[in-house]
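# Reading the structure
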Amino acid sequence: MKKLLVVAVVALLAIALVACGGETATTTTKGAETTPKAPDVTTPKDVTTTPKAPDATTPKVPGTETTTPDTPPVTPPEEEGINLLWEEGYMAIGNMDSAFFAFEDFHASLDNNVALVISMNDQGGVYNDLFIIDTENPDTNTNWEPNMDYTWVVTIEGVKWEISRFSLFNNTTSGWVRIDLGPNFKWSLFDYDENNQYTFEQVRIDIYDSEKNVAYFADLTDDELWGAYLHTKPAETIMVPDANRPAGLVAVDQALATPLSGPDSGISEGYKQFFDGKVQTKICTGDNGEDKAVTVKYAETLNVVGFSIVNANDNANSNGRTIVSFKLYGSETGEEGTWTEIYAADGTDGAGNAIDKATISTNYLERYYALSGVASYQYFKFVAENGEMWQASELLFYQEG
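Residues numbered from 1 in each chain as written. Predicted model: local features only at pLDDT ≥ 70, side-chain atom pairs only at ≥ 80, totals over all residues. Heavy atoms only, no water.

## Digging into the overall build of the protein chain
Applicable threshold: A run of H or I in DSSP becomes a helix once it reaches four residues, and a run of E becomes a strand once it reaches two; helices and strands are each numbered from the N terminus. Using a 1.4 Å probe on the protein chains alone, a residue whose accessible area is under 20% of its type maximum counts as buried, one over 50% counts as exposed, and one in between counts as partly exposed. Every residue pair with non-hydrogen atoms within 4.5 Å of one another is taken to be in contact. Using a 1.4 Å probe, accessible areas were evaluated by the Shrake-Rupley method; residue-level cover was limited to the displayed protein chains.
On a plain count of helices and strands, the protein chain comes out with 1 helix and 24 strands. In the protein chain, buried positions account for 52% of the 401 residues. Considering only intrachain contacts with a sequence separation of at least 6, the fraction spanning at least 24 residues in the protein chain is 76%. Roughly 17800 Å² of accessible area belongs to the protein chain as shown, and the carbon and sulfur atoms make up 47% of that amount.

Spelled out as structure tokens, the structure:
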């Protein structure tokens, strides 16, 4: 079969989820005494072995419906283990828009490492063999863990990457599997052309059992199926500065911030991500009001002259989440009864007209707010009044340079 070149950037469509991004708990496969020894690999293993608190951001993901390839035109060579793309009754990896995988680098639960993403169905019970799901609570998608009897190795262009962490968006018997390739996997390892494109000739998954035998495998770039994979390197994620922010101001280093309280989705899209200095992460929550306020302490008193709210990864597609109604308070001690209102926004512009959120919802756009004077405080409190789910990647404070 003629080798097919497919575009790797899969336009991941938005899902109407109660959760912000379809992200669920992230779990590592290392660290337990019963973990089988992984097969030899040729790359450094500087991967996180302790899962971080899961987050939610995810940017839009497609639905969990999957398809399987047509009946293979030829019989593949026999190999050890079950072929998840060919073997009848076990074709558990579905087709994702003319490819069997995608690369994604926007999952906060994986620290924005590059992930190899596959969509698995329930054929042959493979999904439930590899991931242990809490079937007694089918309405949740956070109670799962990888089966520690298995070790995953991904081979990309001849280099093996041992897998230590996953993130699932699941329907208890199927779903999206995000395979963390770790912090050492970089786009710079590959020779992208002037159009930021590179064709991956070999992407393969081998899943070993406790005896180090291949239990399952999938050649995701099989020439008899979709073949090589044309990938377009994603643009660097950076903040879009507000052109109206006065020159000469200096943003306070978020390393000085200690987030104290606020909404926490339980999937790494909570109040801590509002101050982590990374636009790739975000707070995303349906919590509004004084009792759900975000509070933060800085290492020293700040002399604030303005602040910015930075949009998150998908405000452009979710305008309603762009927050324009809120209050900001400051305190010298952070104790109850000591908060002073610094700024109040009611969702209208200077002329009293309702703000059209579509005009200010560019992804990662900074929106600067100037104070009427200098506010000198060490503690700050942000009270959302959005009336619905809201999200933002950063809350930045500015001082005179």
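## Digging into the packing of aromatic side chains
Worth spelling out the cut-off: For Phe, Tyr and Trp, where Trp contributes only its six-membered ring, two rings pair if their centres lie within 6.5 Å, and the inter-plane angle classes them as stacked under 30 degrees, edge-to-face over 60, or tilted in between. Should the NZ of a Lys or the CZ of an Arg lie within 6 Å of a ring centre and within 35 degrees of the ring normal, that charge is described as sitting over the ring.
Inspection of every chain in the model, using the stated rule, returns 36 aromatic pairs. Each member of the aromatic cluster is reached from another via a ring pair, and the members are F101, F103, W161, F185, W187, F190, Y192, Y198, F200 and Y229. The ring of Y329 carries the charged tip of K381 above its face, separated from the ring centre by 5.1 Å.

## So, the pattern of salt bridges
Short version of the rule: One speaks of a salt bridge when a side-chain nitrogen belonging to Lys or Arg is within 4 Å of a carboxyl oxygen belonging to Asp or Glu.
One pass over the full model with this rule turns up 7 salt bridges. Close ionic contact of D180 with R165 constitutes a salt bridge, the shortest N to O distance being 3.0 Å. Placement of D180 in strand β11 (residues 175-180) and of R165 in strand β10 (residues 165-170) is noted, with a sequence separation of 15 residues between them. For the pair formed by D180 and R165, the shared burial category is buried. Two residues, K282 and D314, come together in a salt bridge whose shortest N-O distance is 3.2 Å. Placement of K282 in the loop between β17 (257-261) and β18 (283-285) and of D314 in the loop between β19 (294-310) and β20 (325-331) is noted, with a sequence separation of 32 residues between them. Residue class for D314 comes out buried when judged on its relative accessible area of 2%. Connected through shared salt-bridge partners, D111, R165 and D180 make up one network.

## Here we look at unusual backbone geometry
We note that S98 has phi near 70 degrees; this positive angle belongs to a residue other than glycine. Of note, the phi angle at N112 is positive, near 60 degrees, even though the residue is not glycine. Mapped onto the elements, N112 comes out in the loop between β4 (102-104) and β5 (115-120). Overall, N112 belongs to the buried group, its relative accessible area being 17%.

## Here we look at the nonpolar core
This is how it is decided: Nonpolar cores are built from buried Ala, Val, Leu, Ile, Met, Phe, Trp, Tyr and Cys residues. Side-chain atoms within 4.5 Å join them into one set.
F103, L116, F131, W152, I156, I179 and L220 are the most contacted members of the largest nonpolar core, which has 52 residues in total. Here the element with the most residues in this core is β5; it accounts for 5 residues. Beyond its immediate stretch of four places on either side in the chain, I156 contacts F103, W161, L181, F185, F190, F200, Q202 and V203. In this structure, V296, L302, L328 and F380 belong to the second largest nonpolar core, which totals 29 residues.

## What about the sheet that holds strand β8 (residues 151-156)?
Put simply, the rule reads: Here, strands pair whenever DSSP counts at least two bridges between them.
If you trace the 5 strands from one edge of the open sheet to the other, you get β3-β14-β13-β8-β9, paired in mixed fashion. Of all the strands in the sheet, just β3 (82-83) and β9 (159-162) have a single pairing partner and so form its edges. Inspection of the sheet shows β3 paired to strand β14 (residues 214-219) by 2 bridges, in the parallel sense. Note that in β14 the partner of I82 across the bridge is Y216.

## Concerning the environment of S210
Looking at the secondary structure, you find S210 in the loop between β13 (203-208) and β14. Here S210 falls in the partly exposed class, since its relative accessible area comes to 44%. For the pair S210 and M148, spaced 62 residues apart in sequence, the C-alpha to C-alpha distance is 8.5 Å.

## Section: the side chain of Q391
Going by this rule: Two N or O atoms count as a polar contact when they lie within 3.5 Å, although within protein this holds only if one can serve as hydrogen donor and the other as acceptor, and sequence-adjacent residues are included solely when both atoms are side-chain atoms.
Within the secondary structure layout, Q391 lies in strand β23 (residues 390-392). Given a relative accessible area of 0%, Q391 falls into the buried group. Side-chain polar atoms of Q391 contact the side chain of D314, separated by 2.7 Å. When sequence neighbours within four positions are dropped, the list of residues in contact with Q391 reads K282, I283, C284, A312, D314, N315 and R321.

## Some remarks on the confidence of the model for the protein chain
Let me state the cut-off plainly: The quantity called pLDDT is the predictor's confidence in a given residue, expressed from 0 to 100.
Considering every residue of the protein chain, the mean pLDDT works out to 84; 78% of them sit at 70 or more. pLDDT under 50 marks residues 30-69. Its contacts with residues more than four places away, or in other chains, come to 135 contacts.

## Side note on the environment of V383
The residue V383 is located in strand β22 (residues 366-384) in this model. Judged by relative accessible area, which is 3%, V383 ranks as buried. Sequence separation between V383 and G289 is 94 residues; the distance between their C-alpha atoms is 5.8 Å.

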